[in-house]
Amino acid sequence: MNYTKTLREFCMQNKGKIFDVQYELETRFSLVPYKTLLKILNRLEAEEVVTKISKGVYLVNGRDVDKDSAIIEYYVEHFSGIFMGSAMYNYYDISDDYAEVVEIYTNRITSNHKTIGKYLLIKFNIRFYDEVKGLITTLELIEKVNSIKEIDYIRYNEEREYGLSCYSDTIFKEIVLNHRYKYATIATLDILLDKHGIKNNALKIYKEIDKNVL
């Protein structure tokens, strides 16, 4: 395989997209030695095929797409992630509070954390389809309710209720295997699920996972 030719062709097919070295190396370019991949990217950067925007992260040139849109498309869209914190509250019109750092849970990083400019990426190895995002949103809203500034409780309750309707033991277990929520959060979730007549084993699942972690 001609590694340089292959990578150049891939970039030409994905203009305006993000190229995360570690993630792409693990998922699509595992046959290319790591140091070789870096050398090729340095060469492509010199040719202005790609632009380095952070350590190990490149933007493929050639399409009128801004960096922020490319980052969101790569790390959030296509079942890849979900906004957290103020970005989530803004998205759902729960609060207008602004934070300089945009937090994202994403399955497209291999390390636990990665920072790209104002974006803080946190590893969450799950496929973010609608039901998963709904339940994660509910867990986040329960856990962080007291830290949300200028909260719109009508919108807060609407999104929290939607997430409850997404509940299944299978989805819940996959979520808590990837992220450690507080016991009080799970206990509150259990109360809300019972209130809505939604059968669940949330506390049992959480305790079992917590025991195995310890």
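Note: the structure precedes this text.
### Some remarks on the nonpolar core
Line of reasoning, step 1. Core analysis: the largest hydrophobic core is formed by 36 residues, its most contacted members being Tyr-105, Ile-136, Phe-172, Ile-175 and Leu-189.
Line of reasoning, step 2. Of all the secondary structure elements, the ones that give two or more residues to this core are strand E4 (81-84), helix H5 (85-91), helix H6 (130-144), helix H7 (153-165), helix H8 (169-178), helix H9 (183-195) and helix H10 (202-213).
Line of reasoning, step 3. For this core, the element with the highest residue contribution is H6, accounting for six residues.
Line of reasoning, step 4. Apart from residues no more than four positions distant in its own chain, Phe-172 is found in contact with Leu-135, Tyr-167, Ile-186, Leu-189, Ala-202, Ile-205 and Tyr-206.
Line of reasoning, step 5. Of all hydrophobic cores here, the second largest spans 17 residues; its members include Val-57, Val-76, Val-102 and Ile-104.

### Focus on the sheet that holds strand E6 (residues 113-116)
Line of reasoning, step 1. Pairing is mixed in the open sheet, where four strands are placed in the order E4-E5-E7-E6. On the outer flanks of this sheet lie E4 and E6, each paired with one strand and no other. Across this sheet, the average inter-strand angle for adjacent strands is 25°, counted without regard to direction.
Line of reasoning, step 2. Alignment of E4 against strand E5 (residues 102-106), held across four bridges, turns out to be antiparallel. The residue bridging Ile-82 from the neighbouring strand is Tyr-105, located in E5.

### Details of the pattern of salt bridges
Line of reasoning, step 1. This model, assessed by the stated rule, comprises nine salt bridges.
Line of reasoning, step 2. A salt bridge links Arg-155 to Glu-158, with the shortest nitrogen-to-oxygen separation between them at 2.5 Å. On the criterion of helical spacing, the pair formed by Arg-155 and Glu-158 is a turn pair, its members being three residues apart in helix H7.
Line of reasoning, step 3. For Glu-158, a relative accessible area of 43% corresponds to the partly exposed category.

### Considerations on the sheet that holds strand E1 (residues 18-20)
Strand pairing in a sheet relies on backbone hydrogen bonds. The paired strands run either parallel or antiparallel.
Line of reasoning, step 1. Pairing in this open sheet of three strands is antiparallel, and the strands run E1-E3-E2 from one edge to the other. Only two strands of the sheet have a single neighbouring strand rather than two, namely E1 and strand E2 (50-54). In this sheet, adjacent strand axes meet at a mean angle of 30° when their direction is disregarded.
Line of reasoning, step 2. Pairing between E2 and strand E3 (residues 57-60): four bridges, direction antiparallel. Of the residues in E3, the one forming a bridge with Val-50 is Val-60.
Line of reasoning, step 3. Contacts between helix H3 (residues 34-46) and the sheet are confined to E1, E2 and E3, with E2 contributing the most and set at about 115° to the helix.
Line of reasoning, step 4. In the packing of helix H4 (residues 67-75) onto the sheet, contacts are made with E1, E2 and E3, and the angle to E1 comes to roughly 55°.

Thresholds applied
- Residues numbered from 1 in each chain as written.
- Predicted model: local features only at pLDDT ≥ 70, side-chain atom pairs only at ≥ 80, totals over all residues.
- Heavy atoms only, no water.
- Core = buried A, V, L, I, M, F, W, Y, C linked by side-chain atoms within 4.5 Å.
- Buried < 20%, exposed > 50% of the residue type's maximum accessible area, 1.4 Å probe, protein only.
- Helix = DSSP H or I, 4+ residues; strand = E, 2+ residues; numbered from the N terminus.
- Contact = heavy atoms within 4.5 Å.
- Pairing = 2+ DSSP bridges.
- Axes fitted to C-alpha atoms, helices over the stretch in contact; angles between N-to-C directions.
- Salt bridge = Lys/Arg side-chain N within 4 Å of Asp/Glu carboxyl O.

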